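Structure at a glance
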Amino acid sequence: MKLKRINVLGLQETHLTPTHLASVQALYSRLLIFNSPDPDNAGASAGIAFAVNKAITRTDQIRFVELVPGRAALLTINWRENESTSVLNVYAPNSPSEHPAFWRAVSDALKANNIHTIDFMVGDYNLVEDEIDRTPTRPDRPSAVEALRDFRAAYSLQDTWRHDHLNHRMFTYRTVRGTSIIQSRLDRIYTSESKSRYVYEWDQVIGCVPSDHDMISVRYAPANATATGPGRWTMPLHLLTNPAFLSEIKTRGRELEATLADVADTRTPTHNAQTLWADFKSDLRTAAKKHASKTSGKLANKIKTLTSTLDRLTNDPDFATDTDLRTESALKEDSHIKSANEGEMVHPRRRC
């Protein structure tokens, strides 16, 4: 959340007990966590949560409403004085037969809390609406799909990513059953029709936390939002153990020491300890960027190639029926995870 500057993260199947929640909250003080545990077995079943990044998000007027304990909750955030955004976090039941009752319960809870609009709905829906979102291809139970669609229609929610990628495949969940690899887009972000024009940079993130689900994300810029710049460049910490970089620092440092001794008695407005120190820092920044680009550039190219290969494989016309294609895709995704995790360690960062 810090590196990617995520404001709000919706989590499902958290299994957070009060003790676990207190520990997580103590470890990550920059996060504000709102948890809705399973009422019967908090540590082993269901559970949903919101994690809010306090460093970049206004938290003084947040409203958290638990709708269906462990399964559905709503978070409302005020970005500015007169503008709020609501996010519904959902973890739908595993059994399709339970979906109609679940969506009725969510709708009834919203009405009971006098909530009539939803801006975003995020979560693990444990079904797909379109056959293209599952491989091998098969439809989900019609009654479960219709229950979700009826709820979406009641709150004017749409699958904006699918609207923008009509014939594209993207899978967020993968499992192996026997010798068959099953993939599906169980995790989705729905937006209200009124907010769909303000979302951009849809992304699928293979996280560093081991999971059979990928994280999906989208950027949202409220109407008339204040523009933000790229921030200040900061040196990647891995350079502190880079032998070539450290050697260059030592050489440049010795040169600075010698020059500082020479100007002790010959100081001028343009050639003095202060200007030499400023030049030294500028040289170090240039050297750091040069060494960082060598490492991060190789990883970035590797990740870019793997991403392109994964996209080509999953959108192959025979992907749903060709076991070899799905196996190759799974192997490439494992390589992508390892490269992405390594990239988190060496990629140059920016901060405000």
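As the structure is a prediction and not an experimental result, all values here were calculated from the model. (Residues numbered from 1 in each chain as written. Predicted model: local features only at pLDDT ≥ 70, side-chain atom pairs only at ≥ 80, totals over all residues. Heavy atoms only, no water.)

1. Focus: the layout of surface pockets
- The space that makes up the second largest pocket amounts to roughly 250 Å³.
- Taken together, 20 residues form the lining of the second largest pocket, with Asn126, Arg134, Tyr173, Arg177 and Leu186 sitting closest to its centre.
- When grouped by side-chain class, the residues that make up the lining of the second largest pocket number seven nonpolar, six polar and seven charged. (1 Å grid on protein atoms, 1.4 Å probe; cavity = no way out; pocket = protein on both sides within 12 Å on 5 of 7 lines; lining within 4 Å. Points joined across faces, edges and corners; volume = space filled by probe spheres on them. Nonpolar A, V, L, I, M, F, W, Y, C, P; charged D, E, K, R; others polar.)

2. Focus: the environment of threonine 266
- In this fold, threonine 266 is placed in the loop between α5 (243-262) and α6 (273-314).
- Between the C-alpha atoms of threonine 266 and serine 84, which are 182 residues apart in sequence, the distance is 62 Å.
- A distance of 3.2 Å separates a polar side-chain atom of threonine 266 from the backbone oxygen of aspartate 262. (Helix = DSSP H or I, 4+ residues; strand = E, 2+ residues; numbered from the N terminus. Polar contact = N/O pair within 3.5 Å; in protein donor to acceptor, adjacent residues only side chain to side chain.)

3. Comments concerning the confidence of the model for the protein chain
- Summing up the model confidence of the protein chain, the mean pLDDT is 87 and the portion of residues at 70 or higher is 93%.
- Note on residues 344-352: pLDDT is under 50 here. Beyond four places in sequence and across chains, it has 29 contacts. (pLDDT = per-residue confidence, 0-100. Contact = heavy atoms within 4.5 Å.)

4. Let's talk about the pattern of salt bridges
- Evaluation of the coordinates by the stated rule reveals 13 salt bridges.
- Arginine 162 is paired through a salt bridge with aspartate 133; the nearest N and O atoms lie 2.5 Å apart. On the criterion of sequence distance, the pair formed by arginine 162 in helix α4 (residues 160-164) and aspartate 133 in the loop between β7 (120-124) and β8 (134-135) is long-range, its members being 29 residues apart.
- Taking the relative accessible area as the measure of exposure, arginine 162 reaches 7% and is therefore buried. (Salt bridge = Lys/Arg side-chain N within 4 Å of Asp/Glu carboxyl O. Buried < 20%, exposed > 50% of the residue type's maximum accessible area, 1.4 Å probe, protein only.)

5. Let's talk about the pairing of strand β10 (residues 173-177)
- As paired strands, β10 and strand β11 (residues 180-184) are joined by five bridges and run antiparallel to one another. From the neighbouring strand, valine 176 faces β11, where its bridge partner is isoleucine 181.
- The loop that links β10 with its antiparallel partner β11 comprises two residues; one of these, glycine 178, has a positive phi angle of about 70°. (Pairing = 2+ DSSP bridges.)

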